Every structure is written in C-alpha cells, then in structure tokens.
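Chain residues, written in single-letter form:
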Amino acid sequence: MERLSISILVLIQIFLSYISLKSNKIRDIIDGKPRVIINDGHIDIKTMSKIRYSLDDLISQLREQGIDNISVVKYAVLENNGKLSVFKDENYPKPICLEIGPGTGVLTKYLMQNQNIDLKCEDIPYDNEETYKLIAEGKTLGVFQLEQPGMRRAAKIIKPNKFMEVVDLLSLYRPGPMGSIKTYAECKEGKRQPTYISNKIKNILEPTYGIIVYQEQVNSIAKEMAGFSLSEADMFRRAISKKNAKILLSMEEKFIQGCIKNGYSQKEAKLVYDSIAKFANYGFNKSHGCAYAITACRMAYLKSHYPIEFYAATMQIGASSGDAKFAEYVIEMRQIGLNILPPNINESNTTYKIKENNLLFPLSEIRGVNYILVQEILHERELNGAFKDYFDFVRRMYSYSLSEKNLEALINSGALDCFYPSRASMKASIHRAMQFAELNYSEDGQLSLSDSFMQAPNMLEAEDNKQENIELEFDSLGILLADNPLNYKKEQLEKLGVISICDLDIDSYAKVSIAGIIRSKKIINTKKGTQMAFVKVYDQSAELEITIFSDAYSKCATILDKNNIVIVKGGFRTNKDETSFIADEVTLLEE
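Keep in mind that this is a model prediction, so the values were computed, not measured. (Residues numbered from 1 in each chain as written. Predicted model: local features only at pLDDT ≥ 70, side-chain atom pairs only at ≥ 80, totals over all residues. Heavy atoms only, no water.)

1. Focus: the packing of helix 4 (residues 129-136) against helix 13 (residues 286-305)
Then, in step 1: Taken N-terminus to C-terminus, the directions of helix 4 and helix 13 make an angle of 95°; their axes are 8 Å apart at the nearest point. Classed by the angle they form, the pair helix 4 and helix 13 counts as roughly perpendicular. Listed contacts from helix 13 to Glu 130, Thr 131, Tyr 132, Leu 134 and Ile 135 of helix 4 are Cys 297, Ala 300, Tyr 301, Lys 303, Ser 304 and His 305.
Then, in step 2: Looking at the contact of helix 4 with helix 13, its residues break down into six nonpolar, three polar and two charged. (Axes fitted to C-alpha atoms, helices over the stretch in contact; angles between N-to-C directions. Helix = DSSP H or I, 4+ residues; strand = E, 2+ residues; numbered from the N terminus. Parallel < 35°, antiparallel > 145°, perpendicular 65-115°, else oblique. Contact = heavy atoms within 4.5 Å. Nonpolar A, V, L, I, M, F, W, Y, C, P; charged D, E, K, R; others polar.)

Right under this line is the structure:
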C-alpha cells in the first residue's frame, strides 16, 4: 500500500463526507493517484488487497481492472499543487474542487489589505476579454492547468478568445489530440478548411474543426453511425479507452456492422473506428474540461486585473526563492515592470509584502534564518517598535538566542542594509555587537541596564568586496536584489546587444546574446569521448543553466571559471518536451 500524505487523507475525508455520509467508504491508490470508491452495497473483501484501517475508514488497494467487476463508482481526487490555494479559506478548509465559496484565502487577503476589495470566488468572471488576451499571450505562470511550457506554447498557437476555446485548449493538450493543435488553430483562423472523417458526422465534429476531442463526441458518433444506444455507446467508449483486447475485438465488429447496417461503407466505418481508437484513450469528458476552464479563467482574470496581489499569493504558496519556478515568476514580473525589493528587517514579514506596487522579500525566505527566529523578530518589533540601528537590533534580539551565524545570514541577505551601508563592517562587528548585547542582560536573561546607561560601541570598519557581497547575497536569497557588477557595464552591454535573462522567451527559438556571471559548472564526458559542460550563469534578474556541447566547449573551456563575466550567444531548444538554453559561443566580457 502506497503511503498517503496527511493532506491527501484530509482531502479525501472531506470529499467522502461531501458525497455521502452513509456510503461504504473505501480508498485506494491506482497509478499513483488517490481514488475514492463509493458503494452502497456489500463489497467482497476477497477482491481487494492490502486492507488496513486508517482514520476510522477502510483503506485498500485494488487493480484498476478489478474495480469495474465489483460494481462500484470510482472518483479521482485531483492534486492541485497549491494553485487553487489562492481561493482557500484558512479557517474553512473546503477545497475549490468541491465547492467554490466565499474565501478569505491568500489572494483575497492581499486584495483586502492592499485595495480594500472583498472579492468572493463566485464573483470572479471567467468570460472576460482581458483574461483571454493573457491566455493567448501565454502569460499564464501560476494559472491552474495553463502554466507548463508546452501548454503556454499551445495557448499562443490557438489564441483562445472565448470560453469554449479555452475548454478546447485544455482538452487538446493531451497525447491523443495534441498533434492536432496546429490544425485546430489554422481552422479557427480560417487558414485551412476543416476535414471530416465522414460528412455525415460533421455536425458532431464541427465545433472542434473535425478533430475528435471529447468523450461525448465518441458517444455521439457511435450512436449516429452504428445505431448504438446511449449505454452501448458509452460501453464502446470505455472499452476503447481501457484497451481491453477481448472487448475491443467484439466492439469493433459490432461498430462496423452497425455502420454498414445504417448505410455506411465498411471502408468508411473502419476509418471512423480507427480515428476514434486513436483519440478515445485520451479524450476528455467535456464537463471535466469546462470545470477546469472555469477555474483557469478565473485565475487568469485575477492575474490580469490584480497582478501584484496575484504574484504575492502565488509566490507565497507555490515557490521558494532559488527554485526554478521562482526564477520564472521573477522574470515574468520584471517583464511587466514589477520588482521584488530586498528584505528589510524593519518592514519585511513572513510572507511577501506589497510595497509601492512591488513585493518586499520576506524574512522567512532568507537561508540560514530559521522560522522561529523570524517570528521572534516580528514579535519584538511589534512589542517595542522598529529597531533603531545595528547594535539595537543585536541587543534586543540577544535574549531570543540570536546567534552569530543568524546575524551573518541576515547581513548577507541585505536585510540589515537599512542600518549601515557596509556589510563587511557589520560582519566585522558581529563579535563586538554580541558582547555589547551580553552586557545588557543579566544571567536570568532580563535586561539589566537601560538604553541610556550604556552607549553602543562604534562599528568596526572593514572594506567591502563587492563581488563577495553579490555572491553571498545570491546564496542567501537565490536572487540578486541589491547590487550586481553588470549594473556597472550597462553601456558596454547595450553596444553588444545583450538582453537580460529575465527577458528571454523560453517559447522562442531565436538566437540571442546574454551576459552573466559564472556561478558553477559541471563537466561530463560524452559517448564519443569528448567533453561538454552545464554552466550556471546569473545576472541582475535571474539564473540560467546553459548547455555547452563539445564543439563550443572546446573553444571556451579555459574561461569557464567561477565569477567570470561571460557573453553567451545561443538560444532555447526543446527535446522530448524539455527546453534548454544551448550555447553556440561563450566569450569573456572584455574590460
């Protein structure tokens, strides 16, 4: 029995209660996805395997094929990876997949705090011009079902401008009908005429330009051509989707004979059957697609109308600094003029804070500073006001077990820049500050001297190494927010025509030039016995891993040292749905 996480167990518990309080409740895991089985009658325990009890309910594991044989209904509990949490009320944990109700969730709280807007989920429109524009431009990071690179590329191709086209987009992006995305888009734009496997079922396939996309279309074709009843048509669809060889053989024969009986030729019947077989395994139920699209469009609406609140909520829920997803959010934010400001010990909180239409980096995301210490900093700040200076901060936080290591991490992050312009001087003064703080407290941890009685020491001056500060800040935050050596070479970079990493379009295969500081490199041997490298570079906006194949690597191997500033010429390439930046040429940025 695969282990179920507590969150999934709770979700299933809610889901079961929502459907039926009286049904026999059995949970199982099939293909790694949590499923709920509902049955009002007796279930033969012998048909199950690995039975055990948990949370007062029976948990089991069954083979998928066995479920239909014991006459039960199976429900899939979908995992939302945090995307739907923007709608979630923290005091009422009913997930959106069950019911969209009034929420005081993360995004709605940001809206209330920043714009005094009390937005309820049911009031968010899903049929909106700006929403469709955002989806058509592929700017859907953080949007339910629409944020993966492949889906964003598909959205740019289809360019949906009405709700049902969003439904079609979500339903087409599946292994079966995915190859027809370009055909759909060209037909939609009038660049080509739709073709139909049979003109007699044109009315069924016309809404999707002749492409079989939905399960309902399969059912309708079986009913129209082969004369199947609705129940027979659905059994036909299910047999094809499950690829049961025995049933398929009989169903194919029954379908073709039914078509011939209704006046279709055997060739035409076979062509239609083969087309159905090709797509049925991946076909969406249309209502399923509509439900997905409503949620996706509502989230896209929030993103297009309340971008700063959307990013604040999405980054709080779905990304940690330094993650690849975090870098993507930062890139997209900067493309529309929104920025993340460095952490500030007197202003930052545990979550992203909106400040002058930008986001203030949270203290809780600083590496080397544990969450308990962050809570204590906020508690002390609320209790006794803002920290006056560097020594005041150390003195007041000393009783909360502030360590020298914590203090150094805060300095490296830039959170204490508001106290003194030199990070090197603050680090040189750590021991002096801790001694000063210790003298202010008695053995029982109580403040023994007043602020006015003991004067704070002077800062021990030290010279800053800008490159070291930059590297340590990047290590601390996962991104550069305060300074970057590339800022001092803007004119030179403009002449070279380089663009920022944040301005790269992962969906474009155009050749471009970027400038970056080498952070790390990994050299590997190829099957041919040559060497290639994966090199991480970063600029003021984000980090990027570049792939340098053997030919290019042989020409630049000697310059790929850490902290070197390089110019990289190349572009994105996609292989097996994975997109990488491939370097054609790497050179040093001349002084």
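2. A look at the side chain of Glu 332
Then, in step 1: Among the structural elements, Glu 332 can be located in helix 15 (residues 324-335).
Then, in step 2: Of note is the side chain of Glu 332, whose polar atom sits 2.5 Å from the side chain of Lys 303.
Then, in step 3: Ignoring sequence-local partners within four residues, the contact set of Glu 332 consists of Lys 139, Thr 140, Leu 141, Lys 303 and Tyr 311. (Polar contact = N/O pair within 3.5 Å; in protein donor to acceptor, adjacent residues only side chain to side chain.)

3. Here's the deal with the confidence of the model for the protein
Then, in step 1: Counting all residues, the mean pLDDT for the protein is 80, and 78% of those residues have values of 70 or more.
Then, in step 2: In the predicted structure, residues 45-55 sits below a pLDDT of 50 and forms 26 contacts with residues beyond four places in sequence or in another chain. (pLDDT = per-residue confidence, 0-100.)

4. What about the sheet that holds strand 12 (residues 565-575)?
Then, in step 1: Strand order in the closed barrel made by the five strands is 9-10-11-13-12, with mixed pairing throughout. Recorded for the sheet is a direction-independent mean angle of 50° between the axes of neighbouring strands.
Then, in step 2: Relative to strand 11 (residues 543-548), strand 10 (residues 531-538) runs antiparallel, the two sharing six bridges. Among the inter-strand pairings, Lys 536 is bridged to a residue of strand 11, identified as Glu 545.
Then, in step 3: Each of strand 9 (512-525), strand 10 and strand 11 touches helix 21 (residues 466-477); the most contacted strand, strand 10, lies at about 95° to it. (Pairing = 2+ DSSP bridges.)

5. Some remarks on the sheet that holds strand 7 (residues 353-355)
In a beta sheet, neighbouring strands are held together by backbone hydrogen bonds and run either parallel or antiparallel to one another.
Then, in step 1: Taken in spatial order, the three strands line up as 6-8-7 in an open sheet, and their pairing is mixed. Single-partner strands in this sheet number two, and they are strand 6 (340-341) and strand 7.
Then, in step 2: As paired strands, strand 6 and strand 8 (residues 358-360) are joined by two bridges and run parallel to one another. Paired with Leu 341 across the bridge in strand 8 is Leu 360.

6. Considering helix 21
Then, in step 1: Here helix 21 contains twelve residues, and its C-alpha end-to-end distance of 16 Å stays within 8% of the 16 Å for a straight helix at 1.5 Å per residue.
Then, in step 2: Among all positions in helix 21, only Asn 469, Ile 470, Glu 471, Glu 473, Phe 474, Ser 476 and Leu 477 are buried.
Then, in step 3: Residues of helix 21 that are buried in the fold lie against helix 18 (404-413), helix 19 (423-428), strand 9, strand 10 and strand 11.
Then, in step 4: Count one or two residues on from helix 21 and you reach Gly 478, which has phi positive near 85°. (Expected span 1.5 Å × (residues − 1). Buried < 20%, exposed > 50% of the residue type's maximum accessible area, 1.4 Å probe, protein only.)

7. A look at the packing of aromatic side chains
Then, in step 1: As enumerated under the stated definition, the model contains 16 aromatic pairs in all.
Then, in step 2: Taken together, a centroid distance of 6.2 Å and an interplanar angle of 85° make the contact between Phe 391 and Phe 436 edge-to-face. Highlighted residues: Phe 391 in helix 17 (residues 390-397) and Phe 436 in helix 20 (residues 430-439), separated in sequence by 45 residues. Of the two residues examined, Phe 391 and Phe 436, each falls in the buried class.
Then, in step 3: Ring centres of Phe 572 and Phe 581 lie 5.3 Å apart, and the angle between their planes is 85°; this geometry places the pair in the edge-to-face category.
Then, in step 4: Taken together through their ring pairs, the aromatic side chains of Phe 228, Phe 236, Phe 255 and Tyr 273 make up a single cluster. (Phe/Tyr/Trp six-rings, centres within 6.5 Å; stacked < 30°, edge-to-face > 60°.)

8. Side note on helix 17
Then, in step 1: Within helix 17, eight of the eight residues are buried, leaving the element largely enclosed by the surrounding structure.
Then, in step 2: Within the span of helix 17, buried status applies to Tyr 390, Phe 391, Asp 392, Phe 393, Val 394, Arg 395, Arg 396 and Met 397.
Then, in step 3: Capping of helix 17 at its N-terminal end is provided by Asp 389; its side-chain oxygen lies 3.1 Å from the backbone amide nitrogen of Phe 391.

9. Considering the pattern of salt bridges
Then, in step 1: For the structure shown, the criterion picks out 21 salt bridges.
Then, in step 2: Between Lys 188 and Glu 165 there is a salt bridge; the shortest N-O distance is 3.7 Å. Remark: Glu 165 occurs in helix 6 (residues 163-172) and Lys 188 occurs in helix 7 (residues 181-188); sequence separation between them is 23 residues.
Then, in step 3: Taken together, the shared-partner salt bridges in this structure form one network comprising Glu 380, Asp 392, Arg 395 and Arg 396. (Salt bridge = Lys/Arg side-chain N within 4 Å of Asp/Glu carboxyl O.)

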